[in-house]
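# Coordinates in review
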Amino acid sequence: NPNAQALALAPFTKNVGSASALIGFIQLGIAGLASAGVGLFNTSDSVPIVALLTGLSFLSLLVLLIGQKRIINQVVDSVPAQDGAFH
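In what follows, the accompanying structure is described. The structure presented is a predicted model; accordingly, all values stated were derived computationally and were not measured. (Residues numbered from 1 in each chain as written. Predicted model: local features only at pLDDT ≥ 70, side-chain atom pairs only at ≥ 80, totals over all residues. Heavy atoms only, no water.)

## Re the packing of helix α1 (residues 2-9) against helix α2 (residues 16-40)
To keep things clear, this is the line we draw: Helix axes are fitted to C-alpha atoms over the stretch in contact, other axes to C-alpha atoms as well, and angles between N-to-C directions run from 0 to 180 degrees. Helix and strand assignments come from DSSP, with helices taken as H or I runs of at least 4 residues and strands as E runs of at least 2, each series counted from the N terminus. To sort the angles, those under 35 degrees are grouped as roughly parallel, those over 145 as roughly antiparallel, those from 65 to 115 as roughly perpendicular, and the leftovers as oblique. Less than a right angle of anticlockwise turn of the near helix away from the far helix marks a crossing as left-handed, whereas a clockwise turn marks it as right-handed. Residues are treated as being in contact if the distance between any of their heavy atoms lies within 4.5 Å.
The contact between α1 and α2 brings their axes to 10 Å, and the two run at 135°. What the angle tells us is that α1 and α2 run oblique. α1 and α2 meet at a crossing whose hand is right-handed. Packed against α1, whose contacting residues are Q5, A8 and L9, the element α2 presents V16, A19, S20 and I23 at the interface.

Now the structure itself:
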């Protein structure tokens, strides 16, 4: 988790504190929704927990793939053109 958060904050140069607070808020919100989701299923087995973890894992993968594509596009756009001799 700390490495993932550091990677998520890497693109930010300004307002890193606000970005970190937003990440914490999102994590807390998802945990609250997940807890409520498991509580809605009043069962004694672990199927709701497994289903919720699987769904959140797929959601995390989707966010990762979309964010990775966006970061790659930003890096490609920000690389200066190499037009001659330099040292």
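## Considering the layout of surface pockets
Put simply, the rule reads: Here a cavity is any set of points on a 1 Å grid over the protein atoms alone where a 1.4 Å probe fits but cannot get out, and a pocket is any open set with protein on both sides within 12 Å along at least 5 of 7 lines; a residue lines the site when it has an atom within 4 Å of a point. Grid points are joined across faces, edges and corners, and a volume is the space filled by probe spheres set on the points. Residue polarity is assigned by list, with Asp, Glu, Lys and Arg as charged and Ala, Val, Leu, Ile, Met, Phe, Trp, Tyr, Cys and Pro as nonpolar; anything else, Gly included, falls into the polar class.
Quantified by volume, the largest pocket comes out at close to 1200 Å³. Lining of the largest pocket is provided by 25 residues; of these, A4, A8, I23, V63 and L64 occupy positions nearest its centre. Listed by contribution, the elements that provide at least two residues to the lining of the largest pocket are α1, α2 and α3 (47-78). Broken down by element, the lining of the largest pocket gets its largest block of residues, 10 residues, from α3. Of the residues belonging to the lining of the largest pocket, the class tally is 17 nonpolar, seven polar and one charged.

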